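Below, each chain spelled out in residue letters.
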Amino acid sequence: MKSIVVLASGNGSNLQAIIDACEDKIKTGRVSAVFSNKATAYGLERAKKAGAAAHSLDPNAFDTRDAFDRELMKQIDEYKPDVIVLAGYMRILSGEFVRHYMGRMINIHPSLLPKYPGLNTYQRAIHAGDEEHGTSVHFVTEQLDGGPVILQAKVPIFEDDTVETLTQRVQVQEHNIYPLVVQWLVEERLTMKDGKEAYLDGKRLGIHGYAQD
């Protein structure tokens, strides 16, 4: 059984989608542990309800980000993770941390990467008058939101959309595509080469990840 470790800072709705998928579609993987930088994160409660270990680590107890990440790595490695999932984890990771889990760590970002890396993506898309927005699952590299894209989902932007309504529409798609990519990793169908390219079933994925007509 493959070990999935999830890092979450908040509500953990994507975490829940992955937990649910492990009861159904992800036959050979389980969420073994959830870590958070916030003791009050509801994602920790989701972990406990699912029978996974739940850990919180206070960044204020460490002198530097690197020291925090080293302790986090030490605790994560006790679970011998095959897959690391960032699910609303609101901390920038150190280079050492990223390199340690390179090729095993994925993130989901609320935009159609490479468009709109960083924060406030919903506001930026609405302000620009875009007709569509979406979400991207990508490998994590040392470039923020710059790792190779694995899979995207698009949603329309309507004239009366607010940040809240657009967020809800995107999150529905996140809950569909994130567990699927976790499944691909668990089944060893998905790999990253040279930190630049994602491959699914031996085929190189394009700039927007897997797409099928």
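All chains use their own residue numbering, which begins from 1 and follows the written sequence. Local features in this predicted model are restricted to residues whose pLDDT is 70 or higher, and side-chain atom pairs enter the listing and the counts only when it is 80 or higher, whereas totals over whole chains, interfaces and linings include all residues. To obtain the side-chain values, all non-hydrogen atoms of the structure were used and water was disregarded.

An unreviewed UniProt entry lists the protein chain under the name Phosphoribosylglycinamide formyltransferase, with Vibrio zhanjiangensis given as the organism. UniProt positions are given in the numbering used here, feature names are shortened, and annotations may be inferred rather than shown by experiment. Check the Catalytic activity (unreviewed entry) section of the UniProt entry for the protein chain; it says "N(1)-(5-phospho-beta-D-ribosyl)glycinamide + (6R)-10-formyltetrahydrofolate = N(2)-formyl-N(1)-(5-phospho-beta-D-ribosyl)glycinamide + (6S)-5,6,7,8-tetrahydrofolate + H(+)". UniProt, in the comment section headed Function (unreviewed entry), describes the protein chain in these words: "Catalyzes the transfer of a formyl group from 10-formyltetrahydrofolate to 5-phospho-ribosyl-glycinamide (GAR), producing 5-phospho-ribosyl-N-formylglycinamide (FGAR) and tetrahydrofolate."

Caption draft 1: Here's a closer look at the UniProt feature "active site" (unreviewed entry) in the protein chain. As recorded in UniProt, the sites labelled "active site" (unreviewed entry) are His109. For His109, the location among the structural elements is in strand 5 (residues 105-109). Type-normalised accessible area, obtained with a 1.4 Å probe on protein chains alone, sets the label of each residue: buried when under 20%, exposed when over 50%, and partly exposed for intermediate values. You can call His109 buried: its relative accessible area is 4%. Excluding its chain neighbours within four sequence positions, the residues that come into contact with His109 are Tyr116, Pro117, Gly118, Thr121, Gly134, Thr135, Ser136, His138 and Asp145. Helical segments are the DSSP runs of H or I of at least four residues, strand segments are the runs of E of at least two, and each set is numbered from the N terminus. Note on contacts: a residue pair is in contact if any heavy atoms of the two residues lie within 4.5 Å.

Caption draft 2: Highlighting the UniProt feature "site: Raises pKa of active site His" (unreviewed entry) in the protein chain. The positions UniProt marks with the feature "site: Raises pKa of active site His" (unreviewed entry) are Asp145. Within the fold, Asp145 resides in the loop between strand 6 (132-139) and strand 7 (149-156). Non-local contacts of Asp145, meaning those with residues more than four positions away in its chain, are made with Asn107, His109, Leu113, Pro117, Gly118 and His138. Polar contact is defined as a pair of N or O atoms within 3.5 Å, subject to the rule that within protein one atom must be able to donate a hydrogen and the other to accept it, and that residues adjacent in sequence are counted only when both atoms are side-chain atoms. Polar side-chain contacts of Asp145 include one of 2.8 Å to the backbone nitrogen of Gly118.

Caption draft 3: The arrangement of the pairing of strand 2 (residues 29-36) in detail. Across the 8 residues of strand 2, 7 count as buried, placing the element largely inside the fold. For two strands to pair, DSSP has to find at least two bridges joining them. Sheet topology note: the strand 1 (residues 2-7)/strand 2 ladder contains 6 bridges and is parallel. Within strand 2, the position partnered with Ser3 by the bridge is Arg30. Throughout, right-handed denotes a crossover for which the path from the first strand over the helix to the second runs clockwise when the strands point away from the viewer. In terms of handedness, the path from strand 1 via helix 1 (residues 13-22) over to strand 2 forms a crossover that is right-handed. Note: strand 2 against strand 3 (residues 53-56), 4 bridges, orientation parallel. Among the inter-strand pairings, Ser36 is bridged to a residue of strand 3, identified as Ser56. Taking the sense of rotation as the criterion, the β-α-β connection linking strand 2, helix 2 (residues 42-49) and strand 3 turns out right-handed.

Caption draft 4: Representation of unusual backbone geometry. A cis amide bond links Leu113 with the next residue in sequence, Pro114, at an omega value of 10 degrees. Assignment of secondary structure puts Pro114 in the loop between strand 5 and helix 5 (121-127). At Lys80, a position not held by glycine, the phi torsion is positive, near 45 degrees. Here Lys80 shows up in the loop between helix 3 (65-77) and strand 4 (83-86). Its identity as a non-glycine residue notwithstanding, Asn120 has a phi of 55 degrees, on the positive side.

Caption draft 5: Structural view of the sheet that holds strand 9 (residues 197-200). What the 3 strands build is an open sheet, ordered 8-9-10; its pairing is antiparallel. For this open sheet the edge positions go to strand 8 (190-193) and strand 10 (203-204), each flanked by a neighbour on one side alone. Pairing of strand 9 with strand 10, which is carried by 2 bridges, proceeds in the antiparallel orientation. Bridge assignment links Tyr199 to a residue of strand 10, and that residue is Arg204.

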